[in-house]
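Given next are the chains, with one letter for each unit.
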Protein chains: 2
Amino acid sequence: MGYAPSALALVPFISVENMMRVVHATGIERFLAELADYIEQDFRRWQLFDKTPRVASHSREGVIELMPTSDGEAYGFKYVNGHPKNTKEGRQTVTAFGVMAEVDTGYPVLITEMTILTALRTAAMSALAARYLAPEGSRTMAVIGNGAQSEFQALAFRSLVGIDRLRLYDIDRSASERCRRNLAGRGFDIVVCGSPEEAVEGADIVTTVTADKQYATILTDNMVGPGIHINAVGGDCPGKTELHRDILLRSSIFVEYPPQTRIEGEIQQLAADHPVTELWQVFTGQGPGRTGRDQITLFDSVGFAVEDFSALRYMRALIGKLPYYDQLDLLADPDDPRDLFGMLMRAEPQPA
Amino acid sequence: MGYAPSALALVPFISVENMMRVVHATGIERFLAELADYIEQDFRRWQLFDKTPRVASHSREGVIELMPTSDGEAYGFKYVNGHPKNTKEGRQTVTAFGVMAEVDTGYPVLITEMTILTALRTAAMSALAARYLAPEGSRTMAVIGNGAQSEFQALAFRSLVGIDRLRLYDIDRSASERCRRNLAGRGFDIVVCGSPEEAVEGADIVTTVTADKQYATILTDNMVGPGIHINAVGGDCPGKTELHRDILLRSSIFVEYPPQTRIEGEIQQLAADHPVTELWQVFTGQGPGRTGRDQITLFDSVGFAVEDFSALRYMRALIGKLPYYDQLDLLADPDDPRDLFGMLMRAEPQPA
């Protein structure tokens, strides 16, 4: 056939296997730290971003979302689904992939798996927020909910904050044991706890990252002492929260993007005008972070498109240095741009 | 490395090269006819579709859009850009790719190039509309604007409507000559004309498909005689029209989806409540098509997400029969869905 794709036709693609190769070649803790740097850079130029709301398609079993954003030079979007019943069929609750394109030409320049990358960016975002908000010298973190995100959180907090003691709790003890096994040999002192109350004992930081889609009370008010930082990751969609409302009322609350967090985050339990601080304000010094020893700080994490954009941007930089990607023949590129049909016809197989 | 993607991790991918193979293996006219059948089926179950507005990201040079829709079982979206200045740099004005997913699991089941596929579906849609609207026994079509879409239009109209005489006009005569060359040997009687007025002489159908992004008047009122069908393809975004307003006022106007066409189509020139008929109504017999010999019918084509959905659905059916696709390792699929981190760690290269 008379067709050979030109360079303009090809778009780099990072498969699951290559994503794992990139992470290992970089080192996971370094990867998390560099990814956090990219997120921090993008939050510091917050005003540049076109913050389009995500486009959700809801069904009985779940949701499919497109999350686009742009900084004026690059455009990125993530496709992500959320289907809680998937795990019963041996599938992931959440899978994702992402695309980055040049704004100037509209041409895609990267397609990548984002299931693993989202787990990494969620953890990097949490640890980045904690670097500004957690008490100084934090070493002990409780992790309540030991599912797919827990190990990523632990490593990000070690890499960015210096956490080296973990207190794990999950209603399914085998999940905590698996988390402990997965983190063995990485220099953590790990205690598997029998209750959330036991887990939070002596913790500087409490991470909640449970999975049930319901209003839950993972933390009650009496479990939260003065001065701690709460990293609330699991409450991330309407109808799904983890913290008792009274905790929120005692905390200084930090969010990614208020219009989204008020719908999806822990603060869906609060009045629509309850005061919150945006993280970009903290990162640029335009808003206060932690201001006192007894203050309870709370990062109400939901995950925002700008973080995915940062992750795509980081991957694009990495594949400039590492060979772990394929080239997809995705864009039709006729010699004469007006002659798409001619390209198609010249590709017709000739009788032998 | 300890990783081999499972079947659940793999998503079929149709590259540009494989798209061309599929079209040739099927035969382009049969492909257009079958694609039109898929579109007609979907328009006949119009009420099922979730008609989300497209999500556009505008910049100085162009636009990047995501066009999602769903019929409740499958979900599809198209990524498409529009950058008129691209051709100066040897790139396409429009490139596109698409994704189809299962609503029930959120898992993508197809990724495909859509630059060629969009050209095919646009032509199939036009010809399908004409099958209901053009005068009976139509054989002669004027094609004004002989860019990348013109040959696809010609072949779709032959396949679906029986057009075998073409009258071509373009301000760039070499474009018309290229169109004539590309269609040589396909059984058309082709006349290259020196003016739009000459092109429309004796035509049963007039297709306008010019490319300039501006208000233009490709057809003036006196050029449009009674009884013809106008297939207006080129006026497809705000500020871009091809027909004089007086023509619209004399025509029975048919559209894909009024909320979108009133913004993007020829009818952006008319009052917001000017009467139009939706094509799904015509295809289901719930609305009138052509009702008289002297009636001027006008399909104000802009391209709607449901047509892309139909195209994705058709491609999914075709790769069930033809081997022209690759498998992308796109979805992380750990043995234990809760153990994404374990999968990542087991993939770590071991020291030799």
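Residues numbered from 1 in each chain as written. Chains lettered and ligands numbered in written order. Predicted model: local features only at pLDDT ≥ 70, side-chain atom pairs only at ≥ 80, totals over all residues. Heavy atoms only, no water.

Chemist: Lay out the sheet that holds strand 17 (residues 326-329) of chain A with the relevant residues and their values.
Modeler: Residues and elements named next belong to chain A. Pairing in this open sheet of seven strands is mixed, and the strands run 2-3-4-5-6-1-17 from one edge to the other. Of all the strands in the sheet, the pair left with one neighbour each is strand 2 (55-58) and strand 17. Neighbouring strand axes in the sheet, compared pairwise and without regard to direction, differ in orientation by 20° on average. Bridge count for strand 1 (residues 10-14) against strand 6 (residues 108-113) is two bridges, and the pairing is parallel. (Pairing = 2+ DSSP bridges. Helix = DSSP H or I, 4+ residues; strand = E, 2+ residues; numbered from the N terminus. Axes fitted to C-alpha atoms, helices over the stretch in contact; angles between N-to-C directions.)

Chemist: Residue-level account of the state of the cysteines, with values.
Modeler: All names here are of chain A. Evaluation of the coordinates by the stated rule reveals zero disulfides over all chains. In this structure Cys179 is a free cysteine whose sulfur lies 12 Å from that of Cys193, the closest cysteine sulfur available. On the basis of relative accessibility, which here comes to 1%, the residue Cys179 falls in the buried class. Given a relative accessible area of 3%, Cys193 falls into the buried group. (Disulfide = S-S within 2.5 Å. Buried < 20%, exposed > 50% of the residue type's maximum accessible area, 1.4 Å probe, protein only.)

Chemist: Please set out the interface of chain A and chain B residue by residue, giving values where relevant.
Modeler: Across the contact, 82 residues belong to chain A and 82 residues belong to chain B. Taken as a group, His24, Arg338 and Phe341 of chain A account for 11% of the area that chain A buries against chain B, more than any other trio of residues on that side. Our enumeration of links across chain A and chain B arrives at ten salt bridges. Salt-bridge contacts for Arg338 of chain B lead to Asp170 of chain A; the nearest nitrogen and oxygen are separated by 3.3 Å. The interface formed by chain A and chain B contains 32 residue pairs in polar contact (both at pLDDT 80 or more). Class assignment of the residues belonging to the side of chain A that touches chain B gives a composition of 41 nonpolar, 20 polar and 21 charged. (Contact = heavy atoms within 4.5 Å. Buried area = accessible area lost by both parts, 1.4 Å probe. Salt bridge = Lys/Arg side-chain N within 4 Å of Asp/Glu carboxyl O. Polar contact = N/O pair within 3.5 Å; in protein donor to acceptor, adjacent residues only side chain to side chain. Nonpolar A, V, L, I, M, F, W, Y, C, P; charged D, E, K, R; others polar.)

Chemist: Requested: an account of the environment of Phe77 of chain A, with residues and values cited.
Modeler: Along the polypeptide, Phe77 of chain A turns up in strand 4 (residues 74-82). Phe77 of chain A sits 43 residues away from Glu34 of chain A along the chain, and the two C-alpha atoms are 21 Å apart. Non-local contacts of Phe77 of chain A, meaning those with residues more than four positions away in its chain, are made with Leu66, Met67, Pro68, Phe97, Gly98, Val99 and Leu312 of chain A together with Leu66, Phe77, Tyr79 and Phe97 of chain B.

Chemist: Account for the sheet that holds strand 3 (residues 63-70) of chain B, naming residues and giving values.
Modeler: All names here are of chain B. Read across the sheet, seven strands follow the order 2-3-4-5-6-1-17 without closing on themselves; strand pairing throughout is mixed. On the outer flanks of this sheet lie strand 2 (55-58) and strand 17 (326-329), each paired with one strand and no other. Here the average twist between neighbouring strands, direction ignored, is 20°.

Chemist: Run through the relation of the copies chain A and chain B, naming residues and quoting values.
Modeler: For the pair chain A and chain B, the superposition axis carries a translation of 0.0 Å, the fit reaches an RMSD of 0.0 Å, and the rotation angle comes to 180°. The symmetry that links the two subunits is that of a two-fold axis. Counting the interface residues of chain A, we find that 100% of their copies in chain B are interface residues as well, pointing to one common contact surface. (Least-squares fit on C-alpha atoms with pLDDT ≥ 70 in both.)

Chemist: Requested: an account of the packing of helix 2 (residues 28-44) of chain B against helix 10 (residues 305-319) of chain B, with residues and values cited.
Modeler: Helix packing for two helices is described by the angle between their axes and how far apart those axes are. Residue and element names in this part refer to chain B. Between helix 2 and helix 10, whose axes approach to 9 Å, the crossing angle comes to 125°. Viewed along their axes, helix 2 and helix 10 adopt a mutual orientation that is oblique. Crossing angle aside, the handedness with which helix 2 passes helix 10 is right-handed. Listed contacts from helix 10 to Arg30, Phe31, Glu34, Leu35, Tyr38, Ile39, Gln41, Asp42 and Phe43 of helix 2 are Val306, Glu307, Phe309, Ser310, Ala311, Arg313, Tyr314, Met315, Ala317 and Leu318. (Parallel < 35°, antiparallel > 145°, perpendicular 65-115°, else oblique. Left-handed = near helix turned anticlockwise from the far one by under 90°.)

Chemist: Outline the pattern of salt bridges, listing residues and values.
Modeler: Using the criterion set out here, one finds 48 salt bridges over all chains in the structure. Taking the shortest distance from any N to any O, the salt bridge between Arg45 of chain A and Asp42 of chain A comes out at 2.7 Å. Since its relative accessible area comes to 26%, Arg45 of chain A is described here as partly exposed. Among the ionic pairs, Asp172 of chain A bridges to Arg338 of chain B, the shortest N-O distance being 3.7 Å. In this pair, Asp172 of chain A is assigned in the loop between strand 8 (165-169) and helix 5 (173-183) and Arg338 of chain B in the loop between strand 17 and helix 11 (340-346), connecting two distinct chains. Judged by its relative accessible area of 32%, Asp172 of chain A falls in the partly exposed class. Salt bridges sharing common partners tie together Asp42, Arg45, Asp71 and Arg313 of chain A.

Chemist: A description of the packing of aromatic side chains should follow, citing residues and the corresponding values.
Modeler: The full count for this structure, using the stated rule, is 29 aromatic pairs over all chains. When the centroid spacing of 5.0 Å and the interplanar angle of 20° are considered together, the rings of Tyr79 of chain A and Phe97 of chain A count as stacked. Of this pair, Tyr79 of chain A sits in strand 4 while Phe97 of chain A sits in strand 5 (residues 96-102), placing them 18 residues apart in sequence. Overall, Tyr79 of chain A belongs to the buried group, its relative accessible area being 0%. Taking the centre distance of 5.6 Å and the plane angle of 40° together, the rings of Trp46 of chain B and Phe304 of chain B count as tilted. Residue Trp46 of chain B is found in the loop between helix 2 and strand 2, and its partner Phe304 of chain B is found in the loop between strand 16 (296-300) and helix 10; the two are separated by 258 residues along the sequence. Judged by relative accessible area, which is 3%, Trp46 of chain B ranks as buried. For Phe304 of chain B, a relative accessible area of 2% corresponds to the buried category. (Phe/Tyr/Trp six-rings, centres within 6.5 Å; stacked < 30°, edge-to-face > 60°.)

Chemist: If you had to explain the domain arrangement of chain A to someone new, which residues and values would you point to?
Modeler: Residues and elements named next belong to chain A. When its domains are assigned, chain A resolves into domain 1 (7-116 + 306-339) and domain 2 (125-304). Domain 1 and domain 2 are separated by 26 Å when their C-alpha centres are compared. Contacts between domain 1 and domain 2 engage 19 residues on the former and 24 residues on the latter. Counting the contacts that link domain 1 with domain 2 gives two salt bridges. Here domain 1 is connected to domain 2 by eight residue pairs in polar contact (both at pLDDT 80 or more). At the level of secondary structure, the elements contributing two or more residues to the side of domain 1 that touches domain 2 comprise helix 2 (28-44) and helix 10 (305-319). Tallying contributions element by element places helix 2 first for the side of domain 1 that touches domain 2, with ten residues. Grouping the amino acids of the side of domain 1 that touches domain 2 by side-chain chemistry returns ten nonpolar, one polar and eight charged. (Domains from an automatic or database assignment.)

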